[in-house]
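Structural overview for review
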There are 2 protein chains.
Amino acid sequence: MTFHQVEHPLLVIPGPIEVSDDVLFANASPSQSHMSKSFTETFGNTIRMFRQVLVTERGQPIITAGSGTLGWDMIASNLTEPGDDVLVLNSGYFGQSFSDCLEAYGAKVTHLKAPIGQCPSREQLAEALKFKKYKMVTVTHVDTSTGVLSNPQMVSEVVRQVSPDTLVIVDGVCSVGSEEIRMDEWSLDVVMCASQKGLGVPPGLCLVCVSERAIQLVETRKTKISAYFASWLNWLPVMRGYEQGKPVYFATPPIQLICALYTSLKAITSRPIEERWSKHKEASLDFKQFVTNELGLKQVPNDPSVAANSMTAIYFPDGVSAPDVIPKLFEHGIIVAGGLHKEIKDKYFRIGHMGITAIDTTRHELEKVKDTLRNIFTTIGHAAKTTD
Amino acid sequence: MTFHQVEHPLLVIPGPIEVSDDVLFANASPSQSHMSKSFTETFGNTIRMFRQVLVTERGQPIITAGSGTLGWDMIASNLTEPGDDVLVLNSGYFGQSFSDCLEAYGAKVTHLKAPIGQCPSREQLAEALKFKKYKMVTVTHVDTSTGVLSNPQMVSEVVRQVSPDTLVIVDGVCSVGSEEIRMDEWSLDVVMCASQKGLGVPPGLCLVCVSERAIQLVETRKTKISAYFASWLNWLPVMRGYEQGKPVYFATPPIQLICALYTSLKAITSRPIEERWSKHKEASLDFKQFVTNELGLKQVPNDPSVAANSMTAIYFPDGVSAPDVIPKLFEHGIIVAGGLHKEIKDKYFRIGHMGITAIDTTRHELEKVKDTLRNIFTTIGHAAKTTD
């Protein structure tokens, strides 16, 4: 294998992320039949490895062409029936969008909304669950708009205590593959994500993993599912078939992207998943310490305990805004993301540190980002307190 | 550019098809931001070129992660409201599946079903349109299960005469890029397809193009669209934005697949589209003459006028079945598809001839397929009548 990707600016937005040469090469695999023995093996193993990433034995992965957004449609269309109450733990932009999706399918959404930089507390959740019987509670593990890290384990604990039949849904778009998730142990009903973040694959895949309980609910629901491509009843035979070595057709799978995912998951599962989480934590901690100690800047999450390990959201200092920083980073071959949460959109910027950028320190990518930021902020007079 | 794809068996199923090195290399593009200037330009140009392929100036392309199946969801969820009547011109497996999708969204489907190997006639259609006011008529341009070619131009003519407000929907999954389609001139309301057939790109994209009239219907419909990812109201600002050079976020686009599509569309639109249709026609005619004259075999379409140019569906002769032929082709590095239409599943096989396999005769791919089939059928005693 001698494939090397084209030289390009370093992409450190919170997804898509940098992808390894191996994964990109797999994305350039020659055409093959979706019904072939070799692709069936690849897809079957991909499904099995995705389970390992979520530390689940009983969860049923469903992997299709799409994006994280389609994952919301799947959850809304399969697990809610019109009129069902849903509690959305809202820690930013993506809680709001998930809620729009749920409402499109007729769910009645209640928001438990945290101030910017925070997520709803254990007490607030327990209190909210007493008022109404919710079909599901959704939590955005890492809200990509704010970098706020929620605690799905705590959410699930509270739900199981107060309202045990309520489903616990984790939007793991910006967390799967980079943050600790233990689907079985934490009793999560759905974990959903996309390919282009912690899994280190180009965008174009929607990945969900569904608990036995949630599958049973889908299979026994009273009303028909008002969707076709998003209906798990259409995908379950396909996923089970590929895993058992017997291809089943519903829609042509995105073969090259599945090969790319297979390649990335092989690398990820070649080491204990705990090690991957730790490495993301270390990279994040180091970067956040740099932001605080050297740049002297505040982050959007208002406490380290609610700050994601997959990304950092940084407030500009007074008098500085995106045009002072982002184009300068670009001049140095670094691409970061501006603000997204509409209430603070122009006040902050975002840096992703997932996948090989966080794990493979021999790439020195975060070092480059830090050096460049240090120079930029020094130049514009908001320099570090100390630089050791 | 020195990328060459890995050696692999020749894939001549009716999609996915063989993909050029250039397109696969684009599918291995490095990560880039979906909001970047360069990707915005790529996506904008891709949208414009897709219009050229459909010979439309007024149609609005919508290109997302997905598959042809998702295109059905888009049509059903955006253009029908529960209780709407839809007439499905059924020429095989895919008419049936499209109908299942329409019903999932509450449409009431009437089938105008042709016997296997045929498609509904002008007279049958005109007659059917008199009985009921249909919201839409759907036609599968090439039914991949039978290789039957329908005539969307005729369908549209009849609809405009008898029931002018009825929408004309073309499932072009196995025809766009290989069969003649003139969206504006034929007054088609939606043409939908996927990336892995006549467009010569890996699977993973859903492409639709929507007429102004259909867009207006979506924007003024009485009931809310009961979908989110499939809702064109969410995608229209995105598509318009990228085309105007201003990226808009709804869901992360499948960047590498869009780059691959861009690369393929650049090659396709570098020549007049009529030339591409002709080349597919020539390749198909040559192959079908071989099947008739040299193999002496019957095709599923019962008349050349209803036989696709993108593929050939061939009945096995008496006493011969798939295990006698398909594994032998595989031994010679050729992958074809078995039967799909459930009533005749074991009685025929399918060969795709789209994209570079049909267009680029210097690859000699169809020659190889013909030579190998000739040898196999000679060996099993069902040889040609003459071989000139």
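In the annotation of an unreviewed UniProt entry, the entry for chain A reads Alanine--glyoxylate aminotransferase, and the organism field reads Adineta steineri. The record in UniProt for chain A states the following under Catalytic activity (unreviewed entry): "glyoxylate + L-alanine = glycine + pyruvate".

To continue, consider the environment of Thr144 of chain A. Residues and elements named next belong to chain A. Examined against the element boundaries, Thr144 turns out to sit in the loop between β6 (142–143) and β7 (148–149). Exposure remark for Thr144: the relative accessible area of 6% places this residue in the buried category. For the pair Thr144 and Ile13, spaced 131 residues apart in sequence, the C-alpha to C-alpha distance is 9.9 Å. What Thr144 contacts, discounting residues up to four positions off in sequence, is Pro14, Phe94, Cys174, Lys197, Met311 and Arg350.

A full pass over the atoms with the stated rule returns 7 cavities of 30 Å³ or more. Computed from the structure, the largest cavity encloses a volume of approximately 50 Å³. Counting residues per element, the ones that place at least two in the lining of the largest cavity are α3 (68–79) of chain A together with α3 (68–79) of chain B. Each residue belonging to the lining of the largest cavity can be placed in one class, and the counts come to 9 nonpolar, no polar and 2 charged.

Enumeration over the complete set of coordinates arrives at 33 aromatic pairs over all chains. Judged by centre distance (5.9 Å) and plane angle (75 degrees), the rings of Phe39 of chain B and Tyr242 of chain B are edge-to-face. Of the two residues, Phe39 of chain B sits in helix α2 (residues 37–53) while Tyr242 of chain B sits in helix α8 (residues 232–243), which places them 203 residues apart along the sequence. Each member of the pair, Phe39 of chain B as well as Tyr242 of chain B, carries the same accessibility label: buried. Among the aromatic side chains, those forming a connected cluster through ring pairs are Trp72, Tyr93, Phe94 and Phe98 of chain A together with Tyr228, Phe229, Trp235, Tyr249 and Phe250 of chain B.

Scoring rules and cut-offs
Residues numbered from 1 in each chain as written. Chains lettered and ligands numbered in written order. Predicted model: local features only at pLDDT ≥ 70, side-chain atom pairs only at ≥ 80, totals over all residues. Heavy atoms only, no water. UniProt positions renumbered as here; feature names shortened; annotations may be inferred. Helix = DSSP H or I, 4+ residues; strand = E, 2+ residues; numbered from the N terminus. Buried < 20%, exposed > 50% of the residue type's maximum accessible area, 1.4 Å probe, protein only. Contact = heavy atoms within 4.5 Å. 1 Å grid on protein atoms, 1.4 Å probe; cavity = no way out; pocket = protein on both sides within 12 Å on 5 of 7 lines; lining within 4 Å. Points joined across faces, edges and corners; volume = space filled by probe spheres on them. Nonpolar A, V, L, I, M, F, W, Y, C, P; charged D, E, K, R; others polar. Phe/Tyr/Trp six-rings, centres within 6.5 Å; stacked < 30°, edge-to-face > 60°.

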